[in-house]
Amino acid sequence: MRLSRIAAIFCSCFLITCSVIVSKFLFFMNTLDDTVSLADRNPSSSGYRFIGGELKNIQWMMQISDLHLSLFHDPTRITELAEFCNDTLNIIKPSVVLATGDLADSKTPDGEGSTQYEEEWRIYRDILNNNNIPNKTLWLDIRGNHDNFDVLNINSDNNYFRKYSIQGQQHPRSYFYVNRMENGEKIGYIGVDSCLVVGIRRPFNFVGQLTSQEMQTIRSYVKQSRDLDVDYLFWFGHYPTSTIQYPESEQLREMIAADERSTGYFCGHLHQIGGLIPQMYTYQREGFFELELGDWRGNRIFRIMTIDHGQFTFRDLKHGTWPIILVTNPISAILVPPVKNYHVPDSSHIRLLVFSRTPITKVILKIDDGEWKRCSSAGGPLYVSEWNPRDYNKGLHIMTIIAEDEQHSDRIEHIFSLDGTRLKTKFLPRLILMPNLGMLFYFLFTCTVLICALPLIIFRYLVRNRRVDAEQISAIKWNFIVRWCRRFCIMSHLNVFYYPLVLYPIYLFGGPWAVVYLVGNKLGVVFAWGIIIDNEYSPAWITYPFGWKQMILHAFLILHLARQIDRRCFKALLKEDSTIDQNPLVKYLSSIWDNLFYVIVISLQLLETYNFWLSYGNLTLAFCPLTTWWIAMALWLKKHATCLDKDMVLYLARQWRPTL
């Protein structure tokens, strides 16, 4: 086989791989086509519903997530949560509060280890009881991954959610509640508990898991909601749907989208990716809104939601923001479903809720560049202003609202449309919330395994069967490709490098990564495809990101060693030719560069090893091929690259190095 044919095969494989990646990417990013009628998605809009200026047919709720109440970190999380439960809830008076997981921090003082601390749960219970929450509102709390750290099962003594939370005593996992509006309509709330069956300690407890049994339970709640003639369904849980593992052919997204009463799925967990994506909302391909809420832990974020004459809207706010403004009619253009022939119900008034700690003195608004109009109180927190919707029945419009109380003022801009024109959710939230991240990371991990192993295998075959030589490589047009083809040919010739570097990624794909105490004193075995502990199998795809990261480091190690061996061959030829003398400064800088690159790779792996040791103890240092064994291999290969036999180096240099 000539080198040109090999190059053609490589190019074909590269193009096919790129095509697959692009097709997967486009599949992940495409939203639902505009083919669903509004009546099919929202029963409240199927009939005529006039929206006037009276305080009726409206109910508001709240959501809070990722409290992370801690004994060791940031005590203001506790004191400000008490303020929220007292002052904020007394002012807003929501009918329901959704507390979507990570109620306790459950992390050791160093922030790396994880276990349950009963005192953190007592603090949570005392805040709710001292502020009379059970009698003030319907508080629907549910577990997050931090609430499940180091918990063997839901019946474990350290599953403090069952003892100290409001819902956990009756509902240790998923549950269903119905709340009635003043007009007689019913709002159903389905809490989805996606915590792992076995509460592994971090970092392998980042994803959710829905077993077939749990999915069947949730299906029974949907049936129950139909039997009770519920008008709206709020789905909530800790994990975004993109981070939940699904049993075969059963997906939570399809279940939510299949029910026309579904308002959306409300979650937390991702902390807005460290605050980098403050509005993590998307409209899923299946046909429903998924709204991730920022964390209380570092950002003190909470959400207000309303159902006003069948229309859903919401706003995310920072604790201590006063006054609070939420427009309920017309709804935001981002909440308009992507449908044809969309129209909002007829209305005579713009409606907005305004909450404040002190009396409201003025509420004014304008649309686009129109005149400012004063809003009048319709009772309670509702303010209204007459309008003619027909004046704004084309395109997007901007409504500016200013609310003032005796101490503060707030100004917001509300973008709406009446003809179905919608604001699409942003790219980054779609990238995080729409894909099945488990399949995505599995794909990336598999690709990096192949990238690490296949090139050396192919060049080994070519070299051993004399299908390629230095002359053919030198004939390639691009010098960059010439250099790396030569380096891989040299490395694949040396068994001491070839077998460890090729077998390690293959082993990582199927062999055990670590044998450690994952829960209490229970030994568990971590594989790429899942975790086995206490006779329970958990297909925790969180392993794939770790494997992907490990393969990236392994690829850098391969490149570094290949370059170093090639440089040794170059230096061997320089010493043979006495007329060539390398500049001492160049030699010194080159040595620093080579060692710096290697030190960075090893340092990253040492940091990972240290984190694993903090999480799982001393056993990690002895039985962890993922981290400690790889470091030992990397050090051993580095030594061999430095101390290669001089005769072998000279032989390789003469065979593969072009004439200097």
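Since this is a predicted model, take the numbers as computed values, not measurements.

Peer 1: With reference to specific residues and values, describe the overall build of the protein.
Peer 2: Along the protein, the regular secondary structure elements total 20 helices and 25 strands. Per-residue burial for the protein yields a buried fraction of 55% across its 660 residues. On the protein, roughly 29000 Å² of surface is accessible, and the fraction owed to carbon and sulfur atoms is 57%.

Peer 1: Please give an account of the confidence of the model for the protein that cites residues and values.
Peer 2: For the protein, the mean per-residue pLDDT works out to 84, and 85% of the residues sit at or above 70. Under a pLDDT of 50 for its full length, residues 31-48 has, in the predicted model, 44 contacts with residues more than four places off or in other chains. In this model residues 339-343 is a low-confidence stretch, pLDDT under 50, and it forms 14 contacts with partners more than four residues away in sequence or in other chains.

Peer 1: Summarise helix α14 (residues 479-493); cite the residues concerned and give the values.
Peer 2: The first and last C-alpha atoms of α14 sit 21 Å apart over 15 residues, in line with the 21 Å expected at 1.5 Å per residue. Buried within α14 are the following residues: V482, W484, C485, R486, R487, F488, C489, I490, M491 and S492.

Peer 1: Report on the sheet that holds strand β12 (residues 301-308), specifying residues and quantitative values.
Peer 2: Ordered by their spatial adjacency, five strands build an open sheet running β3-β2-β1-β12-β13, and the pairing between neighbours is mixed. Strands at the two margins of the open sheet, each flanked by one partner only, are β3 (138-142) and β13 (311-318). Ignoring which end each strand starts from, the neighbouring axes of this sheet average 20° apart. Sheet topology note: the strand β2 (residues 96-100)/β3 ladder contains five bridges and is parallel. Bridging from a neighbouring strand, V97 pairs with W139 of β3.

Peer 1: Tell me what's going on with the packing of α14 against helix α15 (residues 495-510), and back it up with residues and numbers.
Peer 2: As a packed pair, α14 and α15 sit with axes 5 Å apart at the nearest point and diverge in direction by 95°. One finds that α14 runs roughly perpendicular with respect to α15. Of α15, the residues touching α14 (which contributes M491, S492 and H493) are N495, F497, Y498 and L501. When its residues are assigned to classes, the contact of α14 with α15 shows four nonpolar, three polar and no charged.

Peer 1: Tell me about the nonpolar core, and name the residues and values.
Peer 2: Grouped together as the largest cluster of nonpolar side chains are 67 residues, with contacts concentrated most on F204, M491, F497, L501, L518 and W630. Beyond its immediate chain neighbours, meaning those up to four positions away, L518 contacts D150, I200, R201, G524, V525, V526, I531, I533 and Y616. If you look at the next biggest cluster of nonpolar residues, it comprises 37 residues, including L67, C85, L89 and W139.

Peer 1: For a nonpolar patch on the surface, give the residues involved together with the corresponding values.
Peer 2: A surface patch of nonpolar side chains, amounting to about 520 Å² of accessible area, comprises L450, L454, I457, Y499, L503 and I506. Breaking the nonpolar patch down by element, the ones donating at least two residues are α12 (437-464) and α15.

Peer 1: Provide a residue-level description of the environment of S114, including the pertinent values.
Peer 2: Note that S114 resides in the loop between β2 and α4 (118-130). Separated by 405 residues in the primary sequence, S114 and V519 place their C-alpha atoms 9.8 Å from one another. In terms of polar contacts, S114 uses its side chain to reach the backbone amide nitrogen of R202, at 3.0 Å.

Peer 1: Tell me about the sheet that holds strand β20 (residues 396-405), residues and numbers included.
Peer 2: Read from one edge to the other, the open sheet built from four strands follows the order β17-β16-β20-β21, with strand pairing classed as antiparallel. The sheet terminates laterally at β17 (373-374) and β21 (409-417), the two strands that pair on one side only. Pairing of strand β16 (residues 360-367) with β17 involves two bridges; the strand directions are antiparallel. Bridge pairing links L365 to K373 in β17.

Peer 1: Go over the pairing of strand β24 (residues 530-533) with me, naming the residues and quoting the values.
Peer 2: Strand residues, when the strand is regular, have side chains that alternate between the two faces of the sheet. The pairing of strand β23 (residues 522-527) with β24 spans four bridges and is antiparallel. By the bridge assignment, V525 is partnered in β24 with I532. Linkage of β23 to β24, two consecutive antiparallel strands, is achieved through a turn of two residues. Here β24 runs beside strand β25 (residues 536-538); their pairing, made up of three bridges, is antiparallel.

Peer 1: How would you sum up the side chain of T628? Please name residues and give values.
Peer 2: With respect to the helices and strands, T628 occurs in helix α19 (residues 628-642). With residues near it in sequence (within four places) discarded, T628 still touches T609, T620 and L621.

Peer 1: Quick one: what's the story with the pairing of strand β11 (residues 289-292), residue by residue and with numbers?
Peer 2: Of the two faces of β11, both are covered, the one formed by F289 and L291 as well as the one formed by E290 and E292. Looking at chain direction, strand β9 (residues 262-267) and β11 are connected through three bridges and run parallel. Looking at the pairing, F266 lines up with L291 of β11. Here strand β10 (residues 281-283) folds back onto β11 in antiparallel fashion, the turn holding five residues, of which G287 has a positive phi close to 115°.

Peer 1: Provide a residue-level description of the packing of aromatic side chains, including the pertinent values.
Peer 2: All told, the structure shown has 36 aromatic pairs when counted by the stated rule. Note on F312 and F314: the rings are 6.1 Å apart at their centroids and 20° apart in plane angle, and the pair reads as stacked. Exposure class is identical for F312 and F314. Each is buried. Judged by centre distance (5.1 Å) and plane angle (75°), the rings of Y498 and Y499 are edge-to-face. By way of ring pairs, the aromatic residues Y189, F234, F266, Y281, F312 and F314 are connected into one cluster. It is R422 that lies over the ring of Y283; its NZ or CZ is 5.7 Å from the centre. It is R460 that lies over the ring of Y498; its NZ or CZ is 4.3 Å from the centre.

Peer 1: Please provide a residue-by-residue account of the side chain of T313, values included.
Peer 2: With respect to the helices and strands, T313 occurs in strand β13. Owing to a relative accessible area of 2%, T313 belongs among the buried residues under this scheme. Apart from the residues lying within four places of it in its own chain, the contact partners of T313 are I304, M305, T306, L326, V327, T328, I331, S332 and L335.

Peer 1: Account for the environment of G510, naming residues and giving values.
Peer 2: Its place among the elements puts G510 in helix α15. Separated by 17 residues in sequence, G510 and F527 place their C-alpha atoms 6.9 Å apart. Discounting chain neighbours no more than four positions away, the residues touching G510 are F527 and W529.

Peer 1: Let's hear about the packing of α12 against α14: which residues, and what values?
Peer 2: Relative to each other, α12 and α14 sit at 80°, their axes nearing to 8 Å. Looking at the two axes, α12 sits roughly perpendicular to α14. On α14, the residues that touch L456, F459, R460, V463 and R464 of α12 are C485, F488, C489, M491, S492 and H493. Of the residues in the contact of α12 with α14, the class split is seven nonpolar, two polar and two charged.

Peer 1: Outline the pattern of salt bridges, listing residues and values.
Peer 2: Pairing of side chains with opposite charge becomes possible as their charged atoms draw close. For the structure on display, the rule yields 23 salt bridges. The shortest N-O distance in the salt bridge between R300 and E80 comes to 3.1 Å. Highlighted residues: R300 in the loop between α10 (296-299) and β12 and E80 in helix α3 (residues 76-92), separated in sequence by 220 residues. Assessed through its relative accessible area of 8%, R300 is described here as buried. Close ionic contact of R487 with D566 constitutes a salt bridge, the shortest N to O distance being 3.2 Å. Taken together, the residues span a long stretch of sequence, with R487 in helix α14 and D566 in helix α16 (residues 543-576) at a distance of 79 residues. Judged on exposure class, the residue R487 and its partner D566 are both buried. Among the charged side chains, a network of salt bridges with common partners joins D74, R77, E80 and R300.

Reading the values: rules and limits
Residues numbered from 1 in each chain as written. Predicted model: local features only at pLDDT ≥ 70, side-chain atom pairs only at ≥ 80, totals over all residues. Heavy atoms only, no water. Helix = DSSP H or I, 4+ residues; strand = E, 2+ residues; numbered from the N terminus. Buried < 20%, exposed > 50% of the residue type's maximum accessible area, 1.4 Å probe, protein only. Areas by Shrake-Rupley, 256 points an atom, 1.4 Å probe, with all protein chains shown as cover. pLDDT = per-residue confidence, 0-100. Contact = heavy atoms within 4.5 Å. Expected span 1.5 Å × (residues − 1). Pairing = 2+ DSSP bridges. Axes fitted to C-alpha atoms, helices over the stretch in contact; angles between N-to-C directions. Parallel < 35°, antiparallel > 145°, perpendicular 65-115°, else oblique. Nonpolar A, V, L, I, M, F, W, Y, C, P; charged D, E, K, R; others polar. Core = buried A, V, L, I, M, F, W, Y, C linked by side-chain atoms within 4.5 Å. Patch = residues over 30% accessible without salt bridge, like charges linked within 9 Å, V, L, I, M, F, W, Y side chains within 5 Å. Salt bridge = Lys/Arg side-chain N within 4 Å of Asp/Glu carboxyl O. Polar contact = N/O pair within 3.5 Å; in protein donor to acceptor, adjacent residues only side chain to side chain. Phe/Tyr/Trp six-rings, centres within 6.5 Å; stacked < 30°, edge-to-face > 60°. Lys NZ or Arg CZ within 6 Å of the ring centre and 35° of its normal.

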